[in-house]
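A look at the structure
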Amino acid sequence: MRSERRMFSASDDSAMMKQIQSTHSPDGRFLDVKPILQVIDNVLRHLTPTIDHHALNGGQGHMDAIDDSSATMDSNGMLEALAFLVHKISCEISCKCSGGGDAHATTMVLLNTLSSYSWDAKVVLTLAAFAVNFGECWLVLQLCTTNSLAKSVALLKQLPDILEYSHTLKPHFDALHKLIKAMIEVTKCIVEFTELPSQYISSDVPPMSIAVAHIPTAAYWTIRSVVACAAQITSLVGMRYEFVTSTSEAWELSSLAHKVCSIHEHLQKILHLCHQHIDEKKQTEAYEGLKHSFGTPQLDNSKILLKIFSLSKEDPHSLLGPDKTKVHIEVLRRKHVLLLISDLDITHEEIQVLESLYKYDRVASEVNYEIVWLPIVHRSAWNDSYQQKFLSLQSVMPWYTVNHPSIIEPAVVKYTREVWNFVKKPIVVTLDPLGKMTCPNALNMLWIWGNTAFPFTTDREASLWKAEAWTVELLVDGLEPNLSNWVRQEKVICLYGGEEMEWIESFTSATKNVAQFLGIGLEMVYVGKNNAKERVKKITGLINERQLSHAWQDANVWFFWKRLESMLFSKTQHGKTNEIDVIKQEVMTLLGYDGSEQGWAVFFSGTNMVRAKGDKVLNAIQSFEQWEGMARVSGFISAIRGHLEGIADEHHCTRLILPGISGGIAETVVCAECGRTMEMYFMYRCCDE
């Protein structure tokens, strides 16, 4: 132990490394060391508890209750074959330590003896020899007060003296315990490196190549620590008073433990990098496998769904049904499946509209599909708050959901982002009964046409657009229950928005006066403003209180603007240009109006339509006497359109604010007022309303 102080200060230089490597000549034999290591671990835990009188006087510590039967059964045959080698190493350690041999020299002797074994086997076999020698010693020490045979052996070994100095020896045993624990941890780490799957990580490239370079040093210092521990215990067995009062040996063990702990910490960092590397390789493999599966014709959708939800054929029960009980993936076999992909910020409005389509309209429409929620959440950010939010959303969804977001593998998350372009806003990916993806985002179709768009394919979306025209029916859909009656009665229908109450009062009053003067039927509907829920709610209350016009409730206002956005995104995905697509141009104009500070209005009468922003449309209405004659000849819509076209604005400001979406955004957007190309900006908005 005294020589250990000098050797410990020496660095692991290249000469020493060459000396260590020169002892290594493996013959390729494989030795499963894990069962042996488990037995060793249990033995050494018994060997080094914190010193207390109960344990030293024959008491049964809690470690005695451990059942080692499984480990013993696994390793019994292996140890039988290795018994002679373990005995040989045990004798070598005992002999060298009893004679006060040099620790480095003893370590090199052991390495030479084990030259034909792998590094992990060298360390485990050395630890096994140590455990045999001094496990027996400790067992005798524990039993010597209750067993006559153990008492006689202890007397011959002079073990009872340890009881006399148990308090004085506490620093020695504490240091011994710390070092043995470090030895075990390093050994487990070395073994873990050998178990890394070679198909995912190569020993000749980082980080595995770094581990390969460091393992010999780690093995050397672990075996050398075995020698140091053996020397310490041998000294304690044959101790003298002057040894008991010395603390230098305890310091030596503590210093060595510090070095071995540092080695373990370093190996753990490399091991972490190796696991990262393996995970990346596995995820790349899984990602490519998922891409291949989607590109390969399938007999049904089972294989695709198993991959998406990271289920195995042996345990395909990680989905919850509408009644929140676990279900077999077979319930979705050969069905049209809609994958609802979102994070945990999906709104209750979106869930409510989907619920209406799924629970009620789906049955009435006699269409057969299932929805499965695929929540995309960063695993590293998961906490109790996210857990509660997930459970809350899951509880209100009347369709299939995953049992927990953790079953969705990173490869699937990557696929949703890179192939299906999921970013933040929810999307719905449709799979046909054979598992083929038929639309990367059918949510736009669901918002615009509902279940009429079934089976929600890209071709179906294109055919639906061919049959559409820019009418009040397309714009309002089922949001206004009186619409069909108004159209049948050939009334002028005015939709207007904004959040300036003074303008709203002036505009509604002036418009109703004009309609009354012309003797035409007029219906006005306030459709609010996008992303201004609380302000719109307040304005709606005032409109209803003062009976200025019809005004929709919150849910209808939200859905009106959501459908407009969906129309734009759907049109954009189909690659239509602004100049030739009237519907897209009109949708962008209304969204641009909403992005301004002013109010706006759009009038429909049959197939005729006219729209304008705030002050411009208000001034036109208030200037009714200038176009009254034309109105009586050609009608209200044509007359006000002609009047508006004759007004040249000295200044205008048009903005278009769009949320982040999946898929493309039109590269060219023209101003609704002057027709010039608008500059492109990205605007991110966070609004509690």
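See the structure shown above.
Residues numbered from 1 in each chain as written. Predicted model: local features only at pLDDT ≥ 70, side-chain atom pairs only at ≥ 80, totals over all residues. Heavy atoms only, no water.

**Some remarks on the sheet that holds strand 8 (residues 492–497)**
Put simply, the rule reads: Two strands make a pair as long as DSSP finds a minimum of two bridges between them. The helix and strand labels rest on DSSP assignments: H or I over at least four residues marks a helix, E over at least two residues marks a strand, and numbering proceeds from the N terminus. Throughout, a residue-residue contact means that at least one pair of heavy atoms, one from each residue, lies within 4.5 Å. Structural elements are reduced to axes, namely lines fitted to C-alpha atoms, with helices fitted over the stretch in contact, and the angle between N-to-C directions of any two is expressed from 0 to 180 degrees.
Reading across the sheet, the 5 strands line up as 10-9-8-11-12 and stay open at both edges, with mixed pairing between neighbours. In this open sheet, the two strands that pair with only one neighbour each are strand 10 (550–551) and strand 12 (608–613). Note that strand 8 and strand 11 (residues 600–605) share 5 bridges and pair antiparallel. Pairing of leucine 495 across the sheet is with valine 602, part of strand 11. Sheet strands touched by helix 22 (residues 501–518): strand 8, strand 9 (522–526) and strand 11. Its angle to strand 9, the strand with the most contacts, is close to 165°. The strands touched by helix 25 (residues 582–595) within the sheet are strand 11 and strand 12, with strand 12 carrying the most contacts at an inclination of about 30°.

**Focus: helix 23 (residues 533–546)**
In an α-helix there are 3.6 residues to a turn, and that puts residues three or four apart on one side. We apply this condition: Given a helix with a known number of residues, its expected span is that number minus one, times 1.5 Å. Relative accessibility thresholds used throughout: buried, under 20% of the residue-type maximum; exposed, over 50%; partly exposed, between the two (1.4 Å probe, protein chains only). Starting at the helix axis, one direction is taken to each C-beta atom, and the arc is that of these directions.
Its 14 residues give helix 23 an end-to-end C-alpha distance of 20 Å, which sits within 8% of 20 Å, the value for a rise of 1.5 Å per residue. When helix 23 is considered as a whole, its buried residues turn out to be Val536, Ile539, Thr540 and Ile543. Buried residues of helix 23 fall within an arc of 105° about the axis and therefore sit on the same side. Relative to its buried face, helix 23 has exposed residues pointing more than 90 degrees away, namely Lys538 and Glu545. Taken together, the buried residues of helix 23 touch strand 8, helix 22, strand 9, strand 10 and helix 24 (554–573). One or two steps after helix 23, the chain reaches glutamine 547, where phi turns positive at roughly 55°.

**With respect to the pairing of strand 8**
Of all 6 residues in strand 8, 6 are buried, a share of seventy percent or more. What you see with strand 8 is no split at all: Val492, Cys494 and Tyr496 on one side and Ile493, Leu495 and Gly497 on the other are buried throughout. As paired elements, strand 8 and strand 9 share 5 bridges and run parallel to each other. Paired with isoleucine 493 across the two strands is glutamate 523, which belongs to strand 9.

**Points about the state of the cysteines**
Two cysteines form a disulfide when their sulfur atoms are joined by a covalent bond. For clarity, the cut-off: By disulfide we mean two sulfur atoms from cysteines, separated by a distance within 2.5 Å.
Summed over the entire model, instances satisfying the criterion amount to 0 disulfides. Here cysteine 189 stays free of any disulfide, with the sulfur of cysteine 274 as its closest cysteine sulfur at 9.4 Å.

**Some thoughts on the sheet that holds strand 5 (residues 400–402)**
Across the sheet, 7 strands lie side by side as 2-1-5-4-3-6-7; this open sheet has mixed pairing. In this open sheet, the two strands that pair with only one neighbour each are strand 2 (326–327) and strand 7 (437–439). Strand direction decides the pairing type here: strand 4 (residues 369–375) and strand 5, joined by 2 bridges, are parallel. Among the inter-strand pairings, tryptophan 373 is bridged to a residue of strand 5, identified as threonine 401. Relative to the sheet, helix 16 (residues 384–396) contacts strand 1 (319–320), strand 4 and strand 5, its axis offset from that of strand 4 by approximately 175°.

**Points about the packing of helix 22 against helix 27 (residues 624–634)**
Let me state the cut-off plainly: Roughly parallel refers to an angle under 35 degrees, roughly antiparallel to one over 145, roughly perpendicular to one between 65 and 115, and oblique to any angle outside these ranges. Handedness of a crossing follows from how the near helix is turned relative to the far one, being left-handed for an anticlockwise turn of less than a right angle and right-handed for a clockwise one. Each residue is assigned to one of three groups, with Ala, Val, Leu, Ile, Met, Phe, Trp, Tyr, Cys and Pro labelled nonpolar, Asp, Glu, Lys and Arg labelled charged, and all others, Gly among them, labelled polar.
Where helix 22 meets helix 27, the axes come as close as 12 Å, and the angle between the chain directions of the two elements is 40°. Our classification of the angle between helix 22 and helix 27 gives oblique. Crossing geometry of helix 22 relative to helix 27 is assigned as right-handed. Contacts between helix 22 and helix 27 involve Val514, Phe517 and Leu518 on the former and, on the latter, Phe624, Trp627, Glu628, Ala631 and Arg632. Across the contact of helix 22 with helix 27, the residue classes tally to 6 nonpolar, no polar and 2 charged.

**Things to note about the nonpolar core**
The line we're drawing: Remark: nonpolar core denotes a set of buried residues (Ala, Val, Leu, Ile, Met, Phe, Trp, Tyr, Cys) joined through side-chain atoms within 4.5 Å. Domain limits in this description derive from either an automatic procedure or a database domain assignment.
Residues Ile308, Phe309, Leu339, Tyr496, Phe507, Phe603 and Phe636 are the most contacted members of the largest nonpolar core, which totals 130 residues. Sort the elements by how many residues they give to this core and helix 24 lands first, with 9 residues. Taken together, domain 2 (301–457) and domain 3 (472–648) each give at least three residues to this core, which thus spans both. The contacts of isoleucine 308, once residues within four sequence positions are left out, are Leu290, Phe294, Leu339, Leu374, Val412, Trp420 and Leu431. Judged by nonpolar contacts, the second largest core, of 74 residues, contains Met17, Ile89, Leu127 and Ala211.

**Some thoughts on the packing of helix 7 (residues 119–143) against helix 10 (residues 170–194)**
Taken N-terminus to C-terminus, the directions of helix 7 and helix 10 make an angle of 150°; their axes are 10 Å apart at the nearest point. Considered as vectors, helix 7 and helix 10 are oriented roughly antiparallel to each other. As for the relative orientation of helix 7 and helix 10, their crossing is left-handed in sense. Together, Asp120, Val123, Val124, Leu127, Phe130 and Trp138 of helix 7 and Phe173, Ile180, Met183, Ile184, Thr187, Ile190, Val191 and Thr194 of helix 10 make up the contact between the two elements. Grouping the amino acids of the contact of helix 7 with helix 10 by side-chain chemistry returns 11 nonpolar, 2 polar and 1 charged.

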